[in-house]
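The lines below spell out each chain.
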Amino acid sequence: MPHEVRHMAVGLQSSGKTTFAAALWYLVSSQQIPTSLKIGKHSGDHRYLETLANRWEEGWQVPRTKTLQQEVITMNLRDAADLTDVSLQFADLSGETFEKAFATRFLSRKAATAFEDVENIMLFVSANDPRDDMTMIDYAAQMDENVNEDEVDEEASAEAKFDPAKTPRQVQVVDFLERIRQPPLSVPIQRVLVIVSAWDKRPEHNDPAQWVKERMPLLDQYLRNADVKVRIYGVSAQGGDLPDLDNRPEIGDDAGHLDQKALLSLAKASERIQVVGYGADQHDLTHPVKWLSGLEG
Ligand SMILES: Nc1nc2c(ncn2[C@@H]2O[C@H](COP(=O)(O)OP(=O)(O)O)[C@@H](O)[C@H]2O)c(=O)[nH]1
Ligand SMILES: [Mg+2]
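Residues numbered from 1 in each chain as written. Chains lettered and ligands numbered in written order. Predicted model: local features only at pLDDT ≥ 70, side-chain atom pairs only at ≥ 80, totals over all residues. Heavy atoms only, no water.

Caption draft 1: Spotlight on the pairing of strand S6 (residues 191-197). Burial of S6 is extensive: seven of the seven residues sit out of reach of the surface. Burial of S6 is two-sided: the residues Arg 191, Leu 193, Ile 195 and Ser 197 facing one way and the residues Val 192, Val 194 and Val 196 facing the other way are all buried. With six bridges joining them, strand S5 (residues 120-126) and S6 adopt parallel strand pairing. Paired with Phe 124 across the two strands is Ile 195, which belongs to S6. Bridge analysis of S6 against strand S7 (residues 229-236) gives six bridges, and the strand direction is parallel. Of the residues in S7, the one forming a bridge with Val 194 is Ile 232. (Buried < 20%, exposed > 50% of the residue type's maximum accessible area, 1.4 Å probe, protein only. Helix = DSSP H or I, 4+ residues; strand = E, 2+ residues; numbered from the N terminus. Pairing = 2+ DSSP bridges.)

Rendered as structure tokens:
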């Protein structure tokens, strides 16, 4: 009997989820190169995924305009040998619902329902994000010139209101993971798959686990002690920097075009994809998903 496992892919805005979904859909539907998991049973409406995959194939960023965005993406994959169906859902953590939940400790029933029957979590963070967990004092210590104490506006900082959106990303992400594992949601997570996206922006060392340790030490500590199985992959789903079709740069302005030409010149678009970690084939985005599904030895 085939059985089904359900995963939820989560991450703050711009952490690379939609691009991953577009590249994954292209990869499994084009079947240009062998993959660990195959395209799954047909269910639901795939038009949105097809739009994304077409945009991706043509060498543009995935659509970011509101009218071209869908809140939740679902796709089905399949492990042929095991007869296991894998259902993968993608959801944005920021935006109204989750940002509010972080500050108010209140989550809407609709948002909570999305996590029913979810087994494992795929968490996106981006190697392209600048650090956001420093304060002015941290910065001052890094600057060559000393900051004049008199110039620090004590009153302004005392009056500043708490803005949940300014909470460092790793704090929001750790809080989110812990919150869904605890009652009342009590999602019985056994595996967490961390995808460090935009891995083409990686540091010299090419070690995704090391990147998390250096750049998101709180998340790193949490995962080490959370009593879940963890894997950290580096993924470049785009292969490099691409322009945005809905916000096209002026003709002659080369910014944003940087890697488009080189990426489009590859014979198979699937070969733009780069996956790093745990012996995954270079372009096999399904390798981490197979592990998340408990289908790897
Ligand atoms: N350089 C590079 N940029 C990427 C990659 N994947 C995504 N991005 C960029 O990161 C930004 C956010 O990606 P998106 O998939 O929309 O993130 P989402 O909000 O989590 O769905 C976009 O500007 C993408 O073009 C990648 O592999 N390499
Ligand atoms: Mg998105």
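Picking up after the structure, the text goes on.
Caption draft 2: Quick look at the side chain of Asp 85. Structurally, Asp 85 is set in strand S4 (residues 84-92). On the basis of relative accessibility, which here comes to 8%, the residue Asp 85 falls in the buried class. A polar side-chain atom of Asp 85 sits 2.9 Å from a polar atom in the side chain of Arg 78. (Polar contact = N/O pair within 3.5 Å; in protein donor to acceptor, adjacent residues only side chain to side chain.)

Caption draft 3: Expanded view of empty space enclosed by the protein. Taken as a whole and assessed by the stated rule, the structure comprises three cavities of 30 Å³ or more. There is about 170 Å³ of room inside the largest cavity. Counting only elements with at least two residues in the lining of the largest cavity, the list comes to S5, helix H7 (169-181) and helix H8 (208-215). Along the lines of polarity and charge, the residues of the lining of the largest cavity split into seven nonpolar, four polar and six charged. One number sums up the size of the second largest cavity: a volume of about 60 Å³. Around the second largest cavity, the lining residues are Leu 12, Leu 93, Phe 98, Glu 99, Phe 102, Gln 172, Phe 176 and Arg 179. Elements with a minimum of two residues in the lining of the second largest cavity: helix H3 (96-104) and H7. Here the residues of the lining of the second largest cavity are counted per class, giving five nonpolar, one polar and two charged. (1 Å grid on protein atoms, 1.4 Å probe; cavity = no way out; pocket = protein on both sides within 12 Å on 5 of 7 lines; lining within 4 Å. Points joined across faces, edges and corners; volume = space filled by probe spheres on them. Nonpolar A, V, L, I, M, F, W, Y, C, P; charged D, E, K, R; others polar.)

Caption draft 4: Quick look at the site of ligand 1. What surrounds ligand 1 is a group of 20 residues, the closest being Ser 14, Thr 18, Thr 19, Arg 64 and Gln 238. Here an oxygen atom of ligand 1 and a side-chain polar atom of Gln 61 are 3.2 Å apart. Its free accessible area being 580 Å², ligand 1 has 91% of it covered by the protein chains. At three residues, helix H1 (residues 17-30) tops the list of elements feeding residues into the shell around ligand 1. Here the shell around ligand 1 is composed, by residue class, of four nonpolar, 11 polar and five charged. (Near = heavy atom within 4 Å. Areas by Shrake-Rupley, 256 points an atom, 1.4 Å probe, with all protein chains shown as cover.)

Caption draft 5: Geometry of the packing of aromatic side chains. Counting across every chain of the model gives six aromatic pairs. Aromatic pair Tyr 26 and Trp 56: ring centres 5.0 Å apart, planes at 40°, arrangement tilted. With Tyr 26 in helix H1 and Trp 56 in helix H2 (residues 47-57), the pair connects residues that are 30 residues apart, well separated along the chain. The class for Tyr 26 is buried, based on a relative accessible area of 8%. Following the ring pairs from residue to residue traces out a cluster consisting of Phe 20, Phe 90 and Phe 124. If you follow Arg 191 out to its NZ or CZ, it ends over the ring of Trp 291, 5.0 Å from the centre. Above the plane of the ring of Trp 56 lies Arg 272, whose end atom (NZ or CZ) is 4.8 Å from the centre. (Phe/Tyr/Trp six-rings, centres within 6.5 Å; stacked < 30°, edge-to-face > 60°. Lys NZ or Arg CZ within 6 Å of the ring centre and 35° of its normal.)

Caption draft 6: View of the pairing of S7. Among the eight residues that make up S7, six are buried, leaving the element largely enclosed by the rest of the structure. Alignment of S7 against strand S8 (residues 274-276), held across three bridges, turns out to be antiparallel. Within S8, the residue paired with Val 235 across the bridge is Val 275.

Structural measurements only, silent on function.
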